[in-house]
Amino acid sequence: MTQHTASKKYNCIIVEDEPIAAEILESFISRDQELNLVGKCADAVYASSLLSIHEVDLMFLDLHLPVVKGFDFLRKINNPPFVIVTTAYHQYAVEGYELDIADYLMKPIPYERFLTAIGKFKHLMEAEDALLEVSERDFIFINSGKKQVKIILHDIFYIESLREYINIHTKTESFTFKMPISKIEEALNPKMFTRIHKSYIISKSKIEVKSANIIQINGKKLPVGRTYKPLLEL
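On a predicted model such as this, the values are computed, not experimentally measured, just so you know.

## Details of the environment of S205
Counting through the fold element by element, S205 comes out in the loop between β12 (200-203) and β13 (207-210). Taking the C-alpha atoms as reference points, S205 and F157, 48 residues apart in sequence, are found 8.7 Å from one another.

Structure below.
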C-alpha cells in the first residue's frame, strides 16, 4: 500500500490538564494516519517547550489550564500552529474566532464532531500549501482570512517581517498577511528575490543603491544582516 507512505503527516500536540479528556483526544488522533501526535502536556510552560522542539502543525488547546489560561498563552506565541480549542464553556467562542482558531470543540467531544474539526484543519493546511507552491508564474495568491489576494511579483519592492506577520510592499499598496517570512521565501523565485536580513526579502531588480550594510529600494534604506552578506556578493 504505497498510498499510506506517501500521505502527509501533520504533527500535533495536546495541551490539556484533564487526563481523561487528553486520553480521548489521543485515541481520536490515533485513528487518523495523517495525524502524528508528537507530545501532550497539561500546562502552557510545557506546551511552549514542545512548540520549540517540534515543528507543530496543529495544537489541541484546552482553555482552562493552570496558571496561564489558553487564550493568554496563544497570544504570546510567535507563528502559532493551527489551533483547535477544547472547552466545556460556550462563552469563549467569540474570543476564539478573533484569534483565528481553526475550530472549537465543546466537551465532551463526540468523534463525529472531532472529524469535522480535523477536516477544517486539513483544508486550511492544503490551501496554505497550494497557495505557496513555487511556480514560474508572474503572480502568487496568498490566503487572507477567507479571501485569496493576488500579488503580481514584478510589483513587489520588498517584504518585511513583523513578528508573525509580513508586509508586502508593492508599487500600488502594502499588503499584510499572517505568515512567517520563511514561508513566503520558499515560494519566491530566488532569481528574482533574495533575503538580505532576518526581517527583509527584496526584489533584486528594484535595488537603487547597494552598500555593505544598506540596500535602498523605492527610497527606503533596508539593513543587510551579517549572515546574508556573502549571499549578496554572489
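## Overview of helix α3 (residues 44-53)
Among the residues of α3, A44, A47, L50 and L51 are the ones counted as buried. With its buried residues spanning 110 degrees around the axis, α3 presents them on a single face. Within α3, the exposed residues directed more than 90 degrees away from the buried face are V45, S52 and I53. On its buried face, α3 is in contact with β1 (10-15), β2 (35-41), β3 (58-62) and α4 (70-76). For α3, the N-terminal cap is D43; the gap from its side-chain oxygen to the backbone nitrogen of V45 is 3.0 Å.

## Concerning the layout of surface pockets
Over the atoms a probe the size of a water molecule is rolled, and this reveals where empty space is left. In this structure, the second largest pocket encloses a volume near 170 Å³. Looking at the second largest pocket, it is lined by 11 residues, and the ones nearest its centre are E185, P190, F193, T194 and R195. Element by element, the count of residues in the lining of the second largest pocket is highest for strand β11 (residues 193-197), at 3 residues.

## Considering the pairing of strand β8 (residues 156-162)
Counting buried positions over the 7 residues of β8 gives 6, a clear majority of the element. Looking at chain direction, β8 and strand β9 (residues 165-170) are connected through 6 bridges and run antiparallel. Directly across from S161, in β9, lies its bridge partner I166. Looking at chain direction, β8 and β12 are connected through 3 bridges and run antiparallel. Looking at the pairing, E160 lines up with Y200 of β12.

## Section: the sheet that holds β1
Read from one edge to the other, the open sheet built from 5 strands follows the order β2-β1-β3-β4-β5, with strand pairing classed as parallel. Where the open sheet ends on each side, the last strands, each with one partner, are β2 and β5 (103-106). Each strand axis lies, on average, 20 degrees off the axis of its neighbour in the sheet, ignoring direction. This element, helix α2 (residues 19-30), spans β1, β2, β3 and β4 (82-87) of the sheet and lies at about 165 degrees to β1. The sheet contacts of α3 involve β1, β2 and β3, and relative to β2 the element is tilted by about 145 degrees.

## Some details on the pattern of salt bridges
Scanning all chains against the criterion turns up 10 salt bridges. The partner of K107 in a salt bridge is E16, and the shortest N-O contact between them spans 3.0 Å. Note that K107 is positioned in the loop between β5 and α6 (111-131) and E16 in the loop between β1 and α2, a separation of 91 residues in sequence. By the burial criterion, K107 is buried, and E16 matches it. Taking the shortest distance from any N to any O, the salt bridge between D62 and K107 comes out at 3.2 Å. One end of the pair, D62, is in strand β3; the other, K107, is in the loop between β5 and α6, and 45 residues separate them in sequence. We classify K107 as buried; its relative accessible area is 18%. Each member of the salt-bridge network shares a partner with another, and the members are E16, E18, D62 and K107.

Parameters at a glance
- Sequence order as written defines the numbering, with residues in each chain counted from 1.
- For this predicted model, a pLDDT threshold of at least 70 governs which residues receive local features, and a threshold of 80 or more governs which side-chain atom pairs are given and counted, while totals over whole chains, interfaces and linings are taken from all residues.
- Remark: hydrogens and water are excluded; side-chain values derive from all non-hydrogen atoms of the structure.
- Segments assigned H or I by DSSP are reported as helices when at least four residues long, segments assigned E as strands when at least two residues long, and all are numbered from the N terminus.
- Residue exposure (1.4 Å probe, protein chains only): buried if accessible area is under 20% of the type maximum, exposed if over 50%, otherwise partly exposed.
- Taken from the helix axis, the directions to the C-beta atoms give the arc we talk about.
- Every residue pair with non-hydrogen atoms within 4.5 Å of one another is taken to be in contact.
- Polar contacts, as used here, are pairs of N or O atoms within 3.5 Å; protein pairs need one atom able to donate a hydrogen and one able to accept it. Residues neighboring in sequence count only if both atoms are side-chain atoms.
- A pocket, in this scheme, is an open set of points on a 1 Å grid over the protein atoms alone with protein on both sides within 12 Å along at least 5 of 7 lines, while a cavity is a set where a 1.4 Å probe fits but cannot get out; residues line either one if an atom lies within 4 Å of a point.
- Grid points are joined across faces, edges and corners, and a volume is the space filled by probe spheres set on the points.
- Should DSSP find at least two bridges between two strands, the strands are taken to pair.
- Helix axes are fitted only over the stretch in contact, all axes being lines through C-alpha atoms; the angle between N-to-C directions runs from 0 to 180 degrees.
- By salt bridge we mean one thing: a side-chain nitrogen of Lys or Arg within 4 Å of a carboxyl oxygen of Asp or Glu.

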